[in-house]
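A structural walkthrough
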Amino acid sequence: MVEMNKKQVNVGMVGYKFMGKAHSNAYSRVNMFFPNAPAAPVMKLICGRDREGVEQAAKQFGWEGFVTDWRELLSGDDIDLVDINAPSNAHKEIAMAAARAGKHIFCEKPLALNLADSREMLEAAEEAGIKHMVGFNYRFAPAVQLAKKIISEGRLGTLYHFRAWFLQDWILDPEFPLVWRLQKDVAGSGSHGDLGAHLIDLAHYLVGDMSEVVGMSETFIKDRPMPTSMTGLSAKGSADAPRGKVDVDDATLFLARFANGALGSFEASRFAAGHRCTNSFEINGSKGSIKFDFERLNELEVYFTDDAADVQGFRRVLATDPAHAYMDAWWPPGHTIGYEHTFVHEMLEMMQAIHEDRQPEPNFTDGVKCQQVLEAVELSVSERRWVKVNEL
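Going by the annotation in an unreviewed UniProt entry, the name recorded for the protein is Gfo/Idh/MocA family oxidoreductase, with Paenibacillus radicis given as the source organism.

This part covers the overall build of the protein. A tally of regular secondary structure across the protein gives 10 helices and 19 strands. Its C-alpha atoms give the protein a radius of gyration of 21 Å, within 12% of the compact-globule value 21 Å for 392 residues. Across its three principal axes, the protein shows a C-alpha extent of roughly 65 × 55 × 40 Å. For the protein, with 392 residues in total, the buried portion stands at 57%. Expressed as a percentage of contacts within the protein between residues at least 6 apart in sequence, the contacts between residues at least 24 apart total 70%. Counting only carbon and sulfur atoms, one obtains 49% of the accessible surface of the protein, whose full area is about 16900 Å². For the protein, the centre of its 41 positive side-chain charges and the centre of its 55 negative side-chain charges are spaced 1 Å apart.

As a further point, take the packing of aromatic side chains. According to the stated counting rule, one finds 20 aromatic pairs in the structure shown. Relative to phenylalanine 271, the ring of phenylalanine 220 lies with its centre 5.2 Å away and its plane at 55 degrees, an arrangement referred to as tilted. In this pair, phenylalanine 220 is assigned in the loop between strand 8 (210-218) and strand 9 (223-225) and phenylalanine 271 in the loop between strand 14 (263-269) and strand 15 (278-285), connecting sequence segments 51 residues apart. The aromatic ring of tyrosine 205 is capped on one face by lysine 148, whose charged end is 4.7 Å from the ring centroid. In this arrangement the basic side chain of lysine 291 is found over the ring face of phenylalanine 314, its NZ or CZ atom lying 4.2 Å from the centre.

Next up on the list: helix 9 (residues 339-356). Its 18 residues give helix 9 an end-to-end C-alpha distance of 27 Å, which sits within 8% of 26 Å, the value for a rise of 1.5 Å per residue. Burial runs high along helix 9: 13 of the 18 residues are buried. Positioned one or two residues after helix 9, aspartate 357 has a phi angle of 55 degrees, which is positive.

A full pass over the atoms with the stated rule returns zero disulfides. The thiol of cysteine 47 is not disulfide-bonded; the next cysteine sulfur, from cysteine 107, is found 14 Å away. The buried category is assigned to cysteine 47, whose relative accessible area is 2%. Assessed through its relative accessible area of 0%, cysteine 107 is described here as buried.

Another point: the nonpolar core. Among the nonpolar cores identified, the biggest contains 115 residues, and Met210, Phe266, Phe281 and Ile283 are the most heavily contacted of them. In contact with phenylalanine 281, other than residues within four places in its own chain, are Val144, Ala147, Phe162, Arg163, Ala164, Leu202, Leu206, Ile290, Lys291 and Phe292. Among the nonpolar cores identified, the runner-up in size contains 11 residues, and Phe176, Val179, Ile221 and Val248 belong to it.

Bringing the pattern of salt bridges into the picture now. Pairing of side chains with opposite charge becomes possible as their charged atoms draw close. Enumeration over the complete set of coordinates arrives at 29 salt bridges. Linking glutamate 64 and lysine 44 is a salt bridge whose minimum nitrogen-to-oxygen distance equals 3.1 Å. Taken together, the positions of glutamate 64 in the loop between helix 2 (51-61) and strand 3 (65-67) and lysine 44 in strand 2 (residues 39-47) put the pair 20 residues apart, joining distant regions of the chain. A residue is classified by how much of its surface remains accessible, and lysine 44, at 23% relative accessible area, is partly exposed.

Attention now moves to unusual backbone geometry. Here the bond from lysine 109 into proline 110 is cis, since omega is -15 degrees, no more than 30 degrees from zero. Relative to the helices and strands, proline 110 is located in the loop between strand 5 (104-108) and helix 5 (115-128). In this chain, glutamate 361 is followed by proline 362 through a cis amide linkage whose omega measures 0 degrees. Counting through the fold element by element, proline 362 comes out in the loop between helix 9 and helix 10 (364-383). Of note in this structure, tyrosine 326 is not a glycine but carries a positive phi near 75 degrees. When you line up the elements, tyrosine 326 lands in the loop between strand 18 (315-318) and helix 9. A positive phi angle, near 55 degrees, is found at aspartate 357, a position not held by glycine. Its location among the elements puts aspartate 357 in the loop between helix 9 and helix 10. Under the relative-accessibility criterion, aspartate 357 is labelled exposed at 58%.

What counts and what doesn't
Residues numbered from 1 in each chain as written. Predicted model: local features only at pLDDT ≥ 70, side-chain atom pairs only at ≥ 80, totals over all residues. Heavy atoms only, no water. Helix = DSSP H or I, 4+ residues; strand = E, 2+ residues; numbered from the N terminus. Rg over C-alpha atoms; globule rule 2.2 N^0.38 Å. Buried < 20%, exposed > 50% of the residue type's maximum accessible area, 1.4 Å probe, protein only. Contact = heavy atoms within 4.5 Å. Areas by Shrake-Rupley, 256 points an atom, 1.4 Å probe, with all protein chains shown as cover. Lys, Arg positive; Asp, Glu negative; His and termini not counted. Charge placed at Lys NZ, Arg CZ, Asp CG, Glu CD. Phe/Tyr/Trp six-rings, centres within 6.5 Å; stacked < 30°, edge-to-face > 60°. Lys NZ or Arg CZ within 6 Å of the ring centre and 35° of its normal. Expected span 1.5 Å × (residues − 1). Disulfide = S-S within 2.5 Å. Core = buried A, V, L, I, M, F, W, Y, C linked by side-chain atoms within 4.5 Å. Salt bridge = Lys/Arg side-chain N within 4 Å of Asp/Glu carboxyl O.

The structure is reproduced here in structure tokens:
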């Protein structure tokens, strides 16, 4: 129940599967765990093309109603915020229409299929004067927030290295079906835009802008059977199904120079056997280092060079105390949180930004910056050379 004296933000959401479930849970938890938030989301409408599927999702996730056409969702005066977590090829059209309708927008990453479309979306949002946010949820893990705090306070000194890797193995089987994430016209790119985008945003957030990049990529399995059904990161097919071409990358690696002089290395792969969701980074500075691994998302490993010689080494910090971002709203110290909580923190940021009349972070500007690096890497792979990010 939303307090009547709170600003209510009526949400209409397009998409109801993997991210749709994550976002729905987040909207429903903001009010419960952050009762002092100045604005509260109200789950008005959920949209999906399959009537039976979206109707079931509306009941299961707690939405007041459902529609099967996003245009109907936008037509109502009672929708304040449009949440877009449909496949990437749908982002631009829905976002542009939402901006014209004066709705605030939350859009999953990557912002669009390409840099040109991302820039159009940002321009439309700015012209409409709406609030706009892009879904880089890993920023909102308390341990990552702690990393940001340590860096911002200068406790690592001059930053020298950012190395990051996002490794999965869910398409290792050559007979795994050709889901939409493996089709360029729907997804835009493969592991690069899906996994690498998160690493790029974390690098921007923690270290700063990149000046130039050089990369390489590979598609290991060139064709796959067509799916009979798919949801999230799972799908079903048949042995005698026709096969389709995989036209996105299975793995992309690149090196980067940051504007502040730091060096970066990035690896995104869906062919790393044994890695279910290894999203990790390490940052080395003149005064110390930090390490983060999403599979242990409550922890940050920290090393400071000025520790006494007999106790030097990485220490494990469990970021679950009230001193850590967001944690005073959850459980007693030592009681850990999970993946879904990062989305709750995202939606809290969106509600606070709407109330405070400011842009949330990260927003479409960050989405465009990420897309610019993604495409600079793609150009580097194509032309086999270093590419300056500002070329694009």
